Amino acid sequence: MSGLPASAGEPVDLAAPGPPAAGTGASAPGSPHELVGTHALEQGPLLDQALLAKIARLDVATRKLLQGRQKGEKKSKKRGRSVEFADHRPYAAGDDLRFLDWSIYARLERLMVKLFLEEEDQHLYLLVDASASMDYGRPNKLRYAQRAVAALGYIGLVNQNRVAVGAFSSTLDRVLRPERGRRNLRKLLRFLEETTPGGATDLGAACRRFALEHPKRGVVVVVSDFLDPRGHEDALRWFLARRMDVVCLQVLAPQELDPPLMGDLKLVDVEDGRETEVTISRPLLQAYKRQLGARLAALREFCHGRGARYLCASTAMPFDRLVVDQLRRLGVVK
Amino acid sequence: MGGLEVLTPGWLWAAPGLLGALVLLYFLKLKRREVAVSSALLWRQALDDLRVNSPLQRLRMNLLLLLQALALLLLLLALARPVADLGGLHGTDSLLLVDVSASMQATDGAGGAPGGETRFARAVAEARRVVDDLGRGDRAIVVAFDDQARVVTPLTDSKPALRAALDALAPTDRPTRLAPALDRVQVLLQDAAREPAVYVFTDGRVGPLDRVGLDPRVPLHYVRVGALDARNVGITGLDVRPSSGLGDGGRVLVTLHDASPPGPARTLGLDLRLEGELAASRSVTVTPGQATTTVFEVDPTREGRVEVRLDLGAERATDALPADDVAWGLLRPDEPVRVLLVTPGNLFLDSALREDPLVWKDARGELPVRAPEAFVADDPALLDYDLIVLDRTSPAALPPGSFLFFAGAPPFPGLEDLGNKRDWRVLDWDEAHEATRFVNFSTLNLPVGQRFALRDGDQALVRANHGPLVFTCADGDRRALVCAFDLMSLPVEGAWTFDPSYPIFLANAVRWLGGASRDRKGLLVRTAGTAELRLPPGARRAELTPPGGGPARPLAIAPTDDALRVTDLDRAGLYEVAYFAAPEPGGEPTRRVRFAANLLDPDEAAVAAAGSLVVADRAPLQGVPRAAEQNRDLWRWAAALALAVLLLEWWVYNRRVFV
């Protein structure tokens, strides 16, 4: 691996040189001038046949038993009418006599009712960061995030999960209502294709609104660069408080992991337009990498401490490897 | 005494302006390239991180400015030539006496084996060092000396002028005499208002110093160049004698002097070349401390340029002074004297002059003779004669030239003919004069003679009871030897014309008046001497071409000169004098004469440097190889420090965060 954690458990090594930027433009890849606004330059399909073939048999995995709206294929914490036995309880007036365990009555002369695990449908919430900072890098971060959401959404849909998608920047900009079934794949892809970058990042506001609008528990995958000056803790707590299975997929460009910058520069933040005059020297680059490493480590520790899962992915990483290898190893898909 | 001063303080005056410009530039915003980034958050945090971890970060901006200002000041200081005053020359007038004599061409300037830097180059370098050490307000004079002293610069505090004067010095082939230079220094010191110091850069072979005019209280420093045990063999004597005309050959006498420290005798080669061709070569054994003379016999038909050169062979590496290994001369038969006899008929003169081998005769062996009435002063043909003998003739005018009168008087203003007198008796005569030496006038019995009243400047050579009987007189470019008697009226009995003294006197007169003896003396001179050459009749201008060619030097000829005297012969070798009839420059010379100048000085050949100088009224001066350091130049240190500060600034710059 070239400086990026292959999974949440691997340490971040930012001192090592990053991978070369996989530029698609005619100019030299990795040039600082060509790193902003690259989303529009990458127009390939979000999902190709080769990738679909690899992920067709995958399913979304969750560490928690979740509550769905309809009878579904996922185990629920509720006792219900599935075929999988769960427990016994004493009979009470009004219980369905069909669930009396006659064998126990024969042995103990006590009326006991059999309880079964209820199987319900699972919610998969996909939240993608479409702020201006995501429109950066080669390959482009937003495009990479869109492809990740498309792949996970596809897996969710084909496995009868209720898949809801939200795109946010300074707030929750657009939402695709929960749908299930393969037939909604086209709607999902169209939603993603229509998502364009822009605006500042406010992760907290977006998560708060999304959590309020989607109270059902499920798997929440937040795909972002998590470069929000306000931090990520409060934002993620909206989901953690609802005991959702939270997955943080941090997407960074290789040019952010190992900036190809040197000398006297005026850095312009694409989100807020603030200018920072720096003379980039080796010590400053090392300090930058220390800061980035600390930020990644803080997010990782936050997630691990609260049962959430975390993966940092460089857009230089082949996308199929992200889905088939890294996400499966992380337990997001199985 | 002590402290620091700068030699070119003008650079320091530029410091305020340059520092102001530096600060101004520092406050100008650096034009930065704009780069859009996804988030500047991490960069800002990195900057904060560096600031937190580097407490001096805030100071670093100012530190860069301070370092740049410091480097600038150090560079200006280096340009200002700071010197540390070590307390030597301070407010003094230094007199730098640089020996330019022949021995300074020895190649042991560094004090070691020969073959390296010359003593002269070393002496100039040491003198330059003293000049470099001069402090502000110090002054100096450069005096070059060999056997005579020459002030090269006036008393000045301009170091460039002093350095230029030292660089313009060149060694000569002349001997060394320090005493006249010190006498000259004493005169120069009268202009020195401050404390003087005299530095002598020499090898110590400077001649006697038992009588010097320099005040004993004036500090005298002897900066010695050359090795104390230098070895040298040189040619210290040369004489070239032409054939006598009686069939014998010419002779070249060469004297070698081995001035090496005591040791075994050595055998060296000695080559004689005539007009560049090897004419003879022989081996000569020389013994340290002794002179050896050898004689070359030369074919009587050979003549021309003589070059005698020592072939040192393997000894060349130990011979310190190559300049005295060669000497030049001229092998030339005496040039005939063209004599015109103006007489109504005189057997004694005609026969005596015809018998003189030096007197020119025509192809038939006849002497040019004219009758007195055919003698016209403005006849240009008269200028072709070196000597005109006027017998019983007193012309009203004379052309330029030399004249021998018998019973006649030259028409020189003031020379008064007092008429004839009888019964002359010779009282005495000048035995040292060239015209009268080896002549016995006591047998001259004169019944009748002319009586003259001489003028100031006329010289009586033979004095008799009635006055001068033979005398010399001159008027401008006319020179005459007057004999106040008639050869034809001498009594037959015991006549002087039959005495051996008569042809001797006539031969002396021909050689003296005709210039032959003068030329003989002038053909071979020493570099410190004077070449005295016969002045051809009608010569108005002369030019001297030094050995090896080079620009010709005009030589002044005054109308009263009877000979051309050439001095300032600094280089050994063959000189050529060209005579011109027109006083204006240009034109073809009417005559060319070569002569040789050589060092031929045993004192210069003894090149071992003297460890000390013994000067009258002083304790012996010990020679030191270097003049005491007076000021230490610090500009190199300042420049090196400036470079170090610049490197430090570069290092700080590369560790900075902000500019």
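The model shown is predicted, which means the values in this text are computed figures rather than measured ones.

What counts and how
Residues numbered from 1 in each chain as written. Chains lettered and ligands numbered in written order. Predicted model: local features only at pLDDT ≥ 70, side-chain atom pairs only at ≥ 80, totals over all residues. Helix = DSSP H or I, 4+ residues; strand = E, 2+ residues; numbered from the N terminus. Buried ≥ 20, exposed ≤ 12 C-beta atoms within 10 Å, placed from the backbone. Contact = placed C-beta atoms within 7 Å. Expected span 1.5 Å × (residues − 1). Core = buried A, V, L, I, M, F, W, Y, C linked by C-beta atoms within 7 Å. Axes fitted to C-alpha atoms, helices over the stretch in contact; angles between N-to-C directions. Parallel < 35°, antiparallel > 145°, perpendicular 65-115°, else oblique. Nonpolar A, V, L, I, M, F, W, Y, C, P; charged D, E, K, R; others polar. pLDDT = per-residue confidence, 0-100. Pairing = 2+ DSSP bridges. Arc of directions from axis to C-beta.

Chemist: Before we go on, may I ask you to explain the overall build of chain A in this structure?
Modeler: For chain A, the count of helices and strands is nine helices and ten strands. A total of 334 residues make up chain A; the buried ones form 45% of that total. Here the analysis covers contacts within chain A between residues at least 6 apart in sequence; of these, 75% occur between residues at least 24 apart.

Chemist: Explain helix α8 (residues 282-305) of chain A to me, please; I cannot follow it from the model alone.
Modeler: The α-helix advances 3.6 residues per turn, and as a result positions three or four apart in sequence lie on the same side. End to end, α8(A) covers 34 Å across 24 residues, agreeing with the expected 34 Å (1.5 Å per residue, within 8%). Turning to α8(A), its buried residues are Leu284(A), Ala287(A), Tyr288(A), Lys289(A), Gln291(A), Leu292(A), Leu296(A), Leu299(A), Arg300(A) and Cys303(A).

Chemist: Would you mind showing me how to read the nonpolar core here?
Modeler: As a rule of thumb, nonpolar side chains are buried together in soluble globular proteins. One finds Leu96(B), Leu97(B), Val98(B), Val143(B) and Tyr199(B) to be the most contacted residues of the largest nonpolar core, which totals 96 residues. Leave out the neighbours within four places in its chain, and Val98(B) touches Ala123(B), Val124(B), Ala127(B), Val142(B), Ala144(B), Leu169(B) and Phe201(B). Judged by nonpolar contacts, the second largest core, of 91 residues, contains Leu58(A), Ala145(A), Val246(A) and Met317(A).

Chemist: Please explain the packing of helix α5 (residues 203-213) of chain A against helix α6 (residues 233-240) of chain A as it appears in this structure.
Modeler: Helix-helix packing is described using two parameters, namely the angle between the two axes and the distance between the axes. Residues and elements named next belong to chain A. Following both chains from N to C, one finds α5 and α6 inclined at 10 degrees, their axes separated by 7 Å at the closest point. Looking at the two axes, α5 sits roughly parallel to α6. In this structure, α5 contributes Leu 203, Gly 204, Cys 207, Arg 208 and Ala 211 to the contact, and α6 contributes Asp 234, Ala 235, Leu 236, Trp 238 and Phe 239. Split into classes, the residues belonging to the contact of α5 with α6 amount to seven nonpolar, one polar and two charged.

Chemist: In this structure, what is going on with the confidence of the model for chain B? I would like to understand it.
Modeler: Confidence in the prediction for chain B averages 84 pLDDT; 91% of positions are at 70 or higher. Reported for the predicted complex are a pTM of 0.49 and an ipTM of 0.76.

Chemist: What is the right way to read the sheet that holds strand β5 (residues 172-179) of chain A from this model?
Modeler: In any sheet, the strands associate via hydrogen bonds between backbone groups, in a parallel or an antiparallel arrangement. All names here are of chain A. Taken in spatial order, the six strands of this open sheet run β5-β4-β3-β6-β7-β10, and their pairing is mixed. Every interior strand has two partners, whereas the edge strands, β5 and β10 (309-314), have only one. On average, each strand axis in the sheet is tilted by 15 degrees relative to the strand beside it, whichever way the strands run. Pairing between strand β4 (residues 162-168) and β5: five bridges, direction antiparallel. Note on β5: the bridge partner recorded for Phe 168 is Leu 172.

Chemist: What is the right way to read the environment of Thr343(B) from this model?
Modeler: Along the polypeptide, Thr343(B) turns up in the loop between β16 (339-342) and α8 (347-355). Its 22 C-beta neighbours within 10 Å are what place Thr343(B) among the buried residues.

Chemist: In this structure, what is going on with the environment of Ala71(B)? I would like to understand it.
Modeler: Secondary-structure assignment places Ala71(B) in helix α4 (residues 57-79). The spacing of Ala71(B) and Leu641(B) is 570 residues in sequence and 7.8 Å in space, taken between C-alpha atoms.

Chemist: Would you mind going over the interface of chain B and chain A with me for this structure?
Modeler: Accessible area lost during the coming together of the parts is what is often quoted as the interface size. Counting residues at the interface gives 25 residues for chain B and 30 residues for chain A. In terms of residues, the side of chain B that touches chain A owes the most to one element, helix α3 (residues 41-53) of chain B, which gives nine residues. Classifying every residue of the side of chain B that touches chain A by side-chain character gives 14 nonpolar, four polar and seven charged. Alignment of strand β8 (residues 263-269) of chain A against strand β2 (residues 33-37) of chain B, held across five bridges, turns out to be parallel.

Chemist: Hey, could you run me through the packing of helix α5 (residues 119-133) of chain B against helix α6 (residues 159-168) of chain B in this one?
Modeler: Residues and elements named next belong to chain B. Put simply, α5 and α6 touch, their axes get as near as 10 Å, and they point 175 degrees apart. Relative to α6, α5 is oriented roughly antiparallel. Along its contact with α5, which presents Val 124, Ala 127, Arg 128 and Val 131, the element α6 presents Lys 159, Leu 162, Arg 163 and Leu 166. A per-class count over the contact of α5 with α6 returns five nonpolar, no polar and three charged.

Chemist: What am I meant to see in the sheet that holds strand β15 (residues 326-331) of chain B here?
Modeler: Residue and element names in this part refer to chain B. Taken in spatial order, the four strands line up as β12-β11-β14-β15 in an open sheet, and their pairing is antiparallel. At either end of the open sheet lies a strand with only one pairing partner, and these are β12 (277-286) and β15. This sheet shows a mean twist of 20 degrees between the axes of neighbouring strands, independent of strand direction. Note that strand β14 (residues 304-311) and β15 share six bridges and pair antiparallel. Each residue of the ladder has a partner; that of Arg 309, found in β15, is Val 326.

Chemist: What am I meant to see in α8(B) here?
Modeler: Residue and element names in this part refer to chain B. Among all positions in α8, only Phe 348, Leu 349, Ala 352 and Leu 353 are buried. Angularly, the buried residues of α8 cover 110 degrees about the axis, an arc narrow enough to put them on a single face. Among the exposed residues of α8, those pointing more than 90 degrees away from its buried face are Leu 347, Ser 351 and Glu 355. Looking at the buried residues of α8, the elements they touch are β16, β18 (387-391) and α9 (501-514).

Chemist: What is the right way to read unusual backbone geometry from this model?
Modeler: Negative phi characterises most residues that are not glycine, and trans characterises most peptide bonds. Along the chain, Arg138(A) connects to Pro139(A) via a cis peptide bond; the corresponding omega equals -5 degrees. Here Pro139(A) lies in the loop between β3 (123-129) and α3 (141-158). Its identity as a non-glycine residue notwithstanding, Leu600(B) has a phi of 45 degrees, on the positive side. With respect to the element layout, Leu600(B) can be found in the loop between β32 (591-598) and α11 (602-605). Classification of Leu600(B) by C-beta neighbours within 10 Å gives buried; the count is 26.

Chemist: Explanation requested: the pairing of strand β8 (residues 220-224) of chain B in the structure shown.
Modeler: Sheet faces and side chains relate simply in a regular strand, where the side chains alternate between the two faces. Residue and element names in this part refer to chain B. Among the five residues that make up β8, four are buried, leaving the element largely enclosed by the rest of the structure. The pairing of strand β7 (residues 195-202) with β8 spans five bridges and is parallel. Of the residues in β8, the one forming a bridge with Val 200 is Tyr 222.

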